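Examination of the molecular architecture
Listed below are the residues making up each chain.
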Protein chains: 4
Amino acid sequence: MINRKKGIIMSEWRKKIRVGIIGGARASGKSLEAANRVGRLIAGKGAILVCGGLGGVMEAAARGAEEEGGLTVGILPGNKPSDANPHIDIPIATCMGYSRNSLVAMNSDVLIAVDGEYGTLSEIAFGCIFGKKVIGLGTWDIPGVTPAQTPEEAVDLALKSL
Amino acid sequence: MINRKKGIIMSEWRKKIRVGIIGGARASGKSLEAANRVGRLIAGKGAILVCGGLGGVMEAAARGAEEEGGLTVGILPGNKPSDANPHIDIPIATCMGYSRNSLVAMNSDVLIAVDGEYGTLSEIAFGCIFGKKVIGLGTWDIPGVTPAQTPEEAVDLALKSL
Amino acid sequence: MINRKKGIIMSEWRKKIRVGIIGGARASGKSLEAANRVGRLIAGKGAILVCGGLGGVMEAAARGAEEEGGLTVGILPGNKPSDANPHIDIPIATCMGYSRNSLVAMNSDVLIAVDGEYGTLSEIAFGCIFGKKVIGLGTWDIPGVTPAQTPEEAVDLALKSL
Amino acid sequence: MINRKKGIIMSEWRKKIRVGIIGGARASGKSLEAANRVGRLIAGKGAILVCGGLGGVMEAAARGAEEEGGLTVGILPGNKPSDANPHIDIPIATCMGYSRNSLVAMNSDVLIAVDGEYGTLSEIAFGCIFGKKVIGLGTWDIPGVTPAQTPEEAVDLALKSL
């Protein structure tokens, strides 16, 4: 690939790690803070953030990544790219409803779950089906989820697993 | 609706309860026996059996339903209706891979999980997302799953919930 | 498979031909009449009718099949089986919107297009992609569609192609 | 949104036009040249190129966009982002097979069809369903496709339609 894209080396994009952040559209202030911190750390490490593109944990994490200059991809349940939260750079509409949860897992190299309910549980399950490492921050305590205590530990565990 | 379909009153089909059986393609002999019994009981109650259409728990349950003269629907991950196990009457190919797990939940009025791994976990999660009751027989012990001890109890709990 | 299902030989279901009827939700009275006649003929030949499950051509054809005692499968864009028109025996919700058009083609052995606009065109295209014969009645006049002049000819061409 | 992403103003990404290039995986040398030129022109205008991520027209167009420093999104039929051709910056795996064709249309503001067979026809149909302008270069000559004679005219017509 070539190197004359405006201001950045585009060929590097495919080499970048993609970290999926999963978690509920509704979350506590504490979870949103954690998600934001996770997003900042991911971007700070040069990884792309993948998420479901909507509100709550997804938006907090994308905002964090944006604040650190990272790239964010949002895989949306609806049929309009414009449904994405304002911190998503590349919105992908699927018109699949909750079935799109599998695509979030499929398009991530590793997953970090923050808080979350059954939507998040489905994404954890898909992560495990697809052989992806799943790190958990205050989320479902089930086999297949490696618990972390802090955003720093979560991102550290995620990136070290690759 | 009309009443002159060959030997059965077709208008009744839409009134029938649809019970989804979820569980792994690989399962222990004991789980397969339980699934078979669940399938028999569902058909015996006049309900339609919905499942993922492949082997293991899905096949054992469909065989049970068939043995009792019930109707079986298999919602398949691949693109060929002929992928379905031989006990599926109405195979539906989706070409969605594991994303089709949401369709199994979406097309069932209530779910019974037998054994199972992460695929089953994703179906349990979708069942909960869609507000369906999920009964468990030797499966994931998580909030949202109502445990049963026997196939009889599982089917009883499932049908009473509607 | 076994032979003691109530009143019908269930094992026969998998041997039945599945004819997909595609066409618009909005259609002229003449097209609806043709669709109804096609549905009747398909059921009269013992084939299963597959369609998109909603109104217009889909409903007229399903009503025709029902009037002849046939079985009808409706593959729906929404997430509720109850969205199906009243003449659908086996509704399958997909929550895929128009992407479900590929599933109608995938689950039919042969397709008959009646009238229709761009939704129908996408189904014709999927039929051709999947190597299915597509018969047309007053629909898109493009390579890949074998035109018929009457419902009788359409069903005849469809069944003879298998 | 914020303005301190490395070297580019990320907030601009959501404002960028997304042009979908559709066309066959197999295409003539002349069509590949046209696709390459279309890709170059799109990137030169600052638009994002969206395509199906595989070979033929998709690859030629993505290569063209890359040569001009543009960003390319590939929406793939399989379940592996790594299936994308080497000129795709943001691969999105869907595991939907040909059903993903609707997502290419859904995620484009306007479509340019180059050559192509039935897969392209399905994407043209989805474009029309979703109300997107479809420009054609040596592709299906049907209502809904605005023909262009050259890559320059195609890109010009596409961008002027927005």
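Cut-off values and rules
- Residues numbered from 1 in each chain as written.
- Chains lettered and ligands numbered in written order.
- Predicted model: local features only at pLDDT ≥ 70, side-chain atom pairs only at ≥ 80, totals over all residues.
- Heavy atoms only, no water.
- Salt bridge = Lys/Arg side-chain N within 4 Å of Asp/Glu carboxyl O.
- Helix = DSSP H or I, 4+ residues; strand = E, 2+ residues; numbered from the N terminus.
- Buried < 20%, exposed > 50% of the residue type's maximum accessible area, 1.4 Å probe, protein only.
- Pairing = 2+ DSSP bridges.
- Axes fitted to C-alpha atoms, helices over the stretch in contact; angles between N-to-C directions.
- Contact = heavy atoms within 4.5 Å.
- Phe/Tyr/Trp six-rings, centres within 6.5 Å; stacked < 30°, edge-to-face > 60°.
- Polar contact = N/O pair within 3.5 Å; in protein donor to acceptor, adjacent residues only side chain to side chain.
- pLDDT = per-residue confidence, 0-100.

Observations regarding the pattern of salt bridges
Within this structure, the stated rule accounts for 28 salt bridges over all chains. Here Glu152 of chain C ties to Arg37 of chain C by a salt bridge, and the two come within 2.6 Å at their closest N and O atoms. A residue pair is termed long-range when its members are at least 10 positions apart, and Glu152 of chain C in helix H5 (residues 151–160) and Arg37 of chain C in helix H1 (residues 29–44) qualify at 115 residues. We classify Glu152 of chain C as partly exposed; its relative accessible area is 35%. Across the salt bridge formed by Lys160 of chain C and Asp156 of chain C, the nearest N and O atoms sit 3.1 Å from each other. Separated by 4 residues within a single helix, Lys160 of chain C and Asp156 of chain C lie in helix H5, roughly one turn from each other. One salt-bridge network, held together by shared partners, links Arg40, Arg63, Glu67 and Glu68 of chain A.

Side note on the environment of Ala47 of chain D
Here Ala47 of chain D lies in the loop between helix H1 (29–44) and strand E2 (48–51). Ala47 of chain D sits 47 residues away from Thr94 of chain D along the chain, and the two C-alpha atoms are 23 Å apart.

Considering the sheet that holds strand E3 (residues 72–76) of chain C
Residue and element names in this part refer to chain C. Pairing within the open sheet is parallel, and its 7 strands lie in the order E4-E3-E2-E1-E5-E6-E7. The open sheet has two free edges, formed respectively by strand E4 (90–93) and strand E7 (145–147), since each of these has just one partner strand. Taking the axes of each pair of neighbouring strands and ignoring which way they run, one obtains an average angle of 25 degrees across the sheet. By the bridge criterion, 3 bridges tie strand E1 (residues 18–22) to strand E2 (residues 48–51) in an arrangement that is parallel. Counterpart to Gly20 in the pairing with E2 is Val50. The sheet strands contacting H1 are E1, E2, strand E5 (110–114) and strand E6 (133–137), and the helix crosses E5 at an angle near 155 degrees.

Details of the sheet that holds strand E1 (residues 18–23) of chain D
Residue and element names in this part refer to chain D. If you trace the 7 strands from one edge of the open sheet to the other, you get E4-E3-E2-E1-E5-E6-E7, paired in parallel fashion. Of all strands in the sheet, those bounded by a partner on one side alone are strand E4 (90–93) and strand E7 (145–147). Direction aside, neighbouring strands of the sheet carry axes that sit 25 degrees apart on average. Summarising the sheet, strand E6 (residues 133–137) and E7 pair through 3 bridges and their orientation is parallel. Bridge pairing links Ile135 to Thr146 in E7.

What about the pairing of strand E4 (residues 90–93) of chain B?
All names here are of chain B. Burial of the side chains of E4 extends over both faces: Ile90 and Ile92 are buried on one face and Pro91 and Ala93 on the other. As defined by bridge partners, strand E3 (residues 72–76) adjoins E4 across 4 bridges and the pair is classed as parallel. Within E4, the residue paired with Leu76 across the bridge is Ala93.

Concerning the packing of aromatic side chains
Applying the stated rule across the entire model yields 16 aromatic pairs over all chains. Between the aromatic rings of Phe130 of chain A and Tyr98 of chain B, the centroid separation amounts to 6.2 Å while the plane-to-plane angle is 70 degrees, which identifies the pairing as edge-to-face. Here Phe130 of chain A is found in the loop between helix H4 (118–129) and strand E6 (133–137), whereas its partner Tyr98 of chain B is found in the loop between E4 and helix H3 (101–106) on a different chain. A relative accessible area of 23% places Phe130 of chain A in the partly exposed class. Aromatic rings pair up to connect Tyr98, Phe126 and Phe130 of chain A together with Tyr98, Phe126 and Phe130 of chain B into one cluster.

Here's the deal with the side chain of Ser99 of chain D
Considering the arrangement of structural elements, one finds Ser99 of chain D in the loop between E4 and helix H3 (101–106). There is a polar contact of 2.5 Å between the side chain of Ser99 of chain D and the side chain of Ser102 of chain C. Apart from residues no more than four positions distant in its own chain, Ser99 of chain D is found in contact with Met96, Ser99, Ser102, Leu103, Met106 and Phe126 of chain C.

Looking at unusual backbone geometry
Phi at Asp115 of chain C takes a positive value of approximately 55 degrees, unusual for a residue other than glycine. Along the chain, Asp115 of chain C falls in the loop between E5 and helix H4 (118–129). In the Ramachandran plot, Cys95 of chain D falls in the positive-phi region, its phi being about 55 degrees despite a non-glycine side chain. With respect to the helices, strands and loops of the structure, Cys95 of chain D is situated in the loop between E4 and H3.

Quick word on the confidence of the model for chain A
All names here are of chain A. When pLDDT is averaged along chain A, the result is 94, and 93% of the positions lie at 70 or above. Counting interchain partners and residues more than four positions distant, the pLDDT-below-50 stretch residues 1–10 has 26 contacts. For this predicted complex, the interface confidence comes out at an ipTM of 0.94, alongside a pTM of 0.94.

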